[in-house]
Amino acid sequence: MQFEELLQQHPIKSKIDEELVFNQLDGNENAIWSLLLASGYLKVMGIRDDKYELEITNYEVRKMFENMVGGWFGENHSDYNDFIKSLLKGDLESMNEYMSGVADSMFSSFDGGKKPSTRNTPERFYHGFVLGLLVDLAGRYEVSSNKKSGFGRYDVMMVPLDKADDGIILEFKVFNPKKEKDLDETADAALRQIEEKKYDQSLLDQGIEKGHICKYGFAFRGKEILIKKGIG
């Protein structure tokens, strides 16, 4: 069944797995719904027979599916998007430019978190959006989300299928004015969490050397975005 047809189900019924592994997206329909629920594009209406009953959150989200999200799972992916190209090159400036441009042109203030619901926080929205950008890497990386490593659960981990590539860890944080004075401090807090929780342990256990592990902290405040890279 085509992705567009699946969206017409009322409600969408699916099992949900918070520990997303993105090489499953092509063959596992449940992984797609898990991604969209985590990013705030679907809401839970109930649970029946061990399956979640899901609905698209509103009309604006449905229109966005037509213009953007459907492309995440299309059949014709010839090139990586600009964000992936910048990430693979470690081009922090281009990563920031891309995300800031997308946020300014596509994200509403609601998406950015000025009026977050109790269930779909802005951190989860951005988390899900970035995961969608990474789908194209399924043949080069094992991309997973919310899995245990070290002393906690990382946001996103990218395990290279070719050990010549770097392992990558992404951590997302929304600006907290009670704890941080600006986005720079928020991004630092995300990087500090990666280190303190030893999220790189899974990569180390798989033979990825510490010098070949890249760590990025993503900080968000409304439509403002700052990405910083860890040192060492």
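Along each chain, residues carry numbers from 1 onward, in the same order as the chain's sequence is written. Local features in this predicted model are restricted to residues whose pLDDT is 70 or higher, and side-chain atom pairs enter the listing and the counts only when it is 80 or higher, whereas totals over whole chains, interfaces and linings include all residues. Calculated side-chain values reflect all of the structure's heavy atoms, with hydrogen atoms and water omitted.

Participant: Any chance you could break down the packing of aromatic side chains for me, citing the residues and the numbers?
Facilitator: Note on ring pairs: Phe, Tyr and Trp rings are taken, using the six-membered ring of Trp, and paired if centres are within 6.5 Å. Classes follow the plane angle, with under 30 degrees stacked, over 60 edge-to-face and the rest tilted. Within the structure shown, the criterion is met by 5 aromatic pairs. Summarising the aromatic geometry, the rings of F83 and F218 are spaced 6.4 Å apart at their centres and angled 55° between planes, so their arrangement reads as tilted. Of this pair, F83 sits in helix α4 (residues 82-89) while F218 is found in strand β10 (residues 213-221), placing the two residues 135 residues apart along the sequence. F218 gets classed as buried once you look at its relative accessible area, which sits at 0%. Here the aromatic cluster, defined as three or more aromatic residues joined through ring pairs, consists of F83, Y98, F172, F218 and F220. Should the NZ of a Lys or the CZ of an Arg lie within 6 Å of a ring centre and within 35 degrees of the ring normal, that charge is described as sitting over the ring. Positioned above the aromatic ring of F175, the side-chain terminus of R221 is 4.7 Å from the ring centre. Secondary structure elements follow DSSP: runs of H or I no shorter than four residues count as helices, runs of E no shorter than two count as strands, and numbering proceeds from the N terminus. Residue burial is assigned from relative accessible area. The probe radius is 1.4 Å, only protein chains are included, and a residue is buried under 20% of its type maximum, exposed over 50%, and partly exposed in between.

Participant: Explain unusual backbone geometry to me, using residue names and the numbers behind them.
Facilitator: Although it is not a glycine, N146 adopts a positive phi angle of roughly 60°. In this fold, N146 is placed in the loop between β5 (141-145) and β6 (148-149). Of note in this structure, K198 is not a glycine but carries a positive phi near 55°. Mapped onto the elements, K198 comes out in the loop between α8 (183-196) and α9 (201-205). Of the residues examined, K198 reaches a relative accessible area of 40% and is grouped as partly exposed.

Participant: I'd like a rundown of the pattern of salt bridges, residues and numbers included.
Facilitator: Just to be clear on terms, a salt bridge is a Lys or Arg side-chain nitrogen sitting within 4 Å of an Asp or Glu carboxyl oxygen. A complete count under the given rule lists 7 salt bridges for this structure. For K215, the salt bridge identified is with D200, shortest N-O distance 3.3 Å. Separated by 15 residues along the polypeptide, K215 in strand β10 and D200 in the loop between α8 and α9 bring together distant segments of the chain. Pair check on accessibility: K215 and D200 agree, each one buried. Put simply, E195, D200, K210 and K215 are held in one network by salt bridges that share partners.

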